[in-house]
Amino acid sequence: MRLAVTRLLVNIDHVATLRNARRETFPDPVQAAVLCELAGADGIVFHLREDRRHITDRDVFRLKEVVQGKLDFELSTNEEIVSICCQVRPHLATLVPERREEITTEGGLDVLANRARLQQVIPRLFDAGIEEVALFVDPDPRQIEAAREVGANAIELHTGDFANAPTEAARRAEAEKLAAAARVAHELGLQVHAGHGLDYHNYPLFRETVPHVHEVSIGFAIIARAVLVGLETAVREMRRLVKGY
């Protein structure tokens with residue numbers, strides 16, 4: 001079974017990265033979010049990191065005010081960040097692993113190793129009024145089963161290994177792993193999201209191979225493309241790929 005339409009959520013973190021590189025007030029990630037939605041994005045994703053390397057607290061509250069579609073707040077289990085997320089009450093909270101020294105998220109959350117902490121955090125997010133709590137996981141059935149056991153109602157499949165595969169054969173093998181993982185999640189009643197490294201070149205294979213994907217989170221590829229063609233064009237191009245028309 002394949003969903004007729006997958007939703008595209010655009011991650012605007014790298015707009016803030018560019019702004020912060022010069023400690024400027026522009027480009028504004030909140031303005032970028034508005035343009036993304038006008039261009040057809042179904043929602044906006046941001047990651048409030050503990051070191052505030054890109055998105056800031058002020059950005060978060062402004063995004064809550066202006067985003068009309070789905071708002072996905074990516075966060076670690078850090079107490080301060082969890083409290084902010086509960087205050088903001090996005091539509092979706094996606095729990096991800098986080099290390100200060102990483103350039104970007106390097107892999108899925110180890111749900112099995114962090115079971116106790118997740119069983120504390122996930123109920124707090126739901127109690128705050130957040131409708132959907134997802135765990136960002138590798139395509140490993142054990143981690144997906146654990147995600148359901150700790151109370152999440154969605155997962156986001158880490159697509160980094162698929163995106164970084166060195167050959168077409170390797171990429172197809174990774175796509176099959178993602179497909180199998182998506183089927184497991186679907187059978188367990190979890191909403192299936194996906195993201196990390198998806199772009200204009202690899203998305204068609206992902207779309208044709210991996211079933212049950214309700215939404216994808218794509219950021220860097222769109223923002224990088226926007227430097228050349230403009231943000232609205234970049235979003236529209238990706239939307240056509242994601243929607244399949």
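Reading the values: the criteria
For every chain, the first residue of the written sequence is number 1, and numbering continues from 1 onward in sequence order. The predicted nature of this model means local features are confined to residues of pLDDT at least 70 and side-chain atom pairs, given and counted, to a pLDDT of 80 or more, with totals for whole chains, interfaces and linings taken over all residues. For side-chain calculations, the full set of non-hydrogen atoms in the structure is used, while hydrogens and water are omitted. Here a helix means four or more residues in a row that DSSP labels H or I, a strand means two or more in a row labelled E, and each is numbered from the N terminus. Here, two residues are considered to be in contact whenever any of their heavy atoms come within 4.5 Å of each other. Pairing between strands is defined by DSSP: at least two bridges between them are needed. Axis definition: a line fit to C-alpha positions, over the contact stretch in the case of helices; interaxial angles, taken between N-to-C directions, run 0 to 180 degrees. An angle below 35 degrees is read as roughly parallel, one above 145 as roughly antiparallel, one from 65 to 115 as roughly perpendicular, and any other as oblique. For any pair of crossing helices, the crossing counts as left-handed if the nearer helix is rotated counterclockwise from the farther one by less than a right angle, and right-handed if it is rotated clockwise. Any residue that is not Ala, Val, Leu, Ile, Met, Phe, Trp, Tyr, Cys, Pro, Asp, Glu, Lys or Arg is counted as polar, Gly included; the first ten are nonpolar and the last four charged. We define a salt bridge as a side-chain nitrogen of Lys or Arg found within 4 Å of a carboxyl oxygen belonging to Asp or Glu. Buried means the residue's accessible area, taken with a 1.4 Å probe over protein chains only, is under 20% of the maximum for its type, while exposed means over 50%, and partly exposed covers the values in between. Here, expected helix span is obtained from the residue count minus one, scaled by 1.5 Å. Residues form patches when they are more than 30% accessible in relative terms and have no salt bridge. Like charges link within 9 Å. Nonpolar side chains (Val, Leu, Ile, Met, Phe, Trp, Tyr) link within 5 Å. Throughout, the Shrake-Rupley method with a 1.4 Å probe supplies accessible areas, and for residues the shown protein chains are the sole cover considered.

**Digging into the side chain of Lys70**
And step 1. Summarising the element assignment, Lys70 is placed in strand E3 (residues 70-75).
And step 2. Setting aside its immediate chain neighbours within four residues, Lys70 contacts Arg7, Leu9, Asp42, Gly43, Ile44, His91, Leu92, Glu132, His193 and Glu215.

**Focus on the sheet that holds strand E4 (residues 92-95)**
Each strand in a sheet pairs with another by means of backbone hydrogen bonds, the pair being arranged parallel or else antiparallel.
And step 1. A barrel is described by the order of its strands in space; here eight strands give the closed sequence E1-E2-E3-E4-E5-E6-E7-E8, paired in parallel fashion. Neighbour-to-neighbour, the strand axes of this sheet turn through a mean angle of 25°, independent of strand direction.
And step 2. Pairing analysis gives four bridges linking strand E1 (residues 7-11) to strand E8 (residues 213-218), with the strands arranged parallel. Bridging from a neighbouring strand, Val10 pairs with Ile218 of E8.
And step 3. Each of E3 and E4 is contacted by helix H4 (residues 79-88), which is oriented at about 165° to E3, the strand it contacts most.

**Topic: the packing of helix H2 (residues 29-38) against helix H3 (residues 57-66)**
And step 1. Where H2 contacts H3, the two axes come as close as 9 Å, and the packing angle between them is 30°. As the angle between them shows, H2 and H3 are arranged roughly parallel. Taken as a pair, H2 and H3 cross one another with a handedness that is right-handed. Seen from H2, the contacting residues are Pro29, Val30, Ala33, Val34 and Glu37; seen from H3, they are Asp59, Arg62, Leu63 and Val66.
And step 2. In the contact of H2 with H3, the residues fall into six nonpolar, no polar and three charged.

**Things to note about the packing of H4 against helix H5 (residues 115-127)**
And step 1. At a minimum axis distance of 10 Å, the contact between H4 and H5 shows a crossing angle of 20°. One way to sum up the angle between H4 and H5 is to call them roughly parallel. With respect to the hand of their crossing, H4 and H5 are arranged in right-handed fashion. The segment H4 lies against H5, with Glu79, Val82, Ser83, Cys85 and Cys86 engaging Arg117, Val121, Arg124 and Leu125.
And step 2. Counted by class, the contact of H4 with H5 contains five nonpolar, one polar and three charged residues.

**Topic: the pattern of salt bridges**
Should their charged atoms come close, side chains of opposite charge can pair.
And step 1. For the structure shown, the criterion picks out 18 salt bridges.
And step 2. Two residues, Arg172 and Glu168, come together in a salt bridge whose shortest N-O distance is 3.3 Å. Here Glu168 and Arg172 lie together in helix H8 (residues 168-187), a separation of four residues that amounts to about one turn.
And step 3. We classify Arg172 as partly exposed; its relative accessible area is 40%.
And step 4. For Glu168, a relative accessible area of 46% translates into the label partly exposed.
And step 5. Between Glu232 and Arg236 there is a salt bridge, and its shortest N-O distance comes to 3.5 Å. One end of the pair, Glu232, and the other, Arg236, are both in helix H11 (residues 231-243), four residues apart, so they sit about a helical turn from each other.
And step 6. Residue classification places Glu232 among the partly exposed residues on the basis of a relative accessible area of 30%.
And step 7. Residues joined in a network through salt bridges with shared partners are Arg7, Lys70, Glu132 and Glu215.

**Side note on H8**
And step 1. For H8, built from 20 residues, the straight-helix expectation of 28 Å at 1.5 Å per residue is met to within 8% by its first-to-last C-alpha distance of 29 Å.
And step 2. Turning to H8, its buried residues number three or more, namely Arg171, Glu174, Ala175, Leu178, Ala179, Ala181, Ala182, Val184 and Ala185.
And step 3. In this structure, the buried residues of H8 make contact with helix H6 (141-149), strand E6 (154-158), helix H7 (160-163), strand E7 (191-195) and helix H9 (203-209).
And step 4. In the segment just after H8, Gly189 is the residue with positive phi, at about 85°.

**A look at a nonpolar patch on the surface**
And step 1. On the surface, Val34, Leu35 and Leu38 cluster together into a nonpolar patch covering about 250 Å² of accessible area.
And step 2. Within the element layout of this structure, Val34 appears in helix H2.
And step 3. By relative accessible area, Val34 is classed as partly exposed at 35%.

In short, the description is geometric, and any link to function would need to be established separately.
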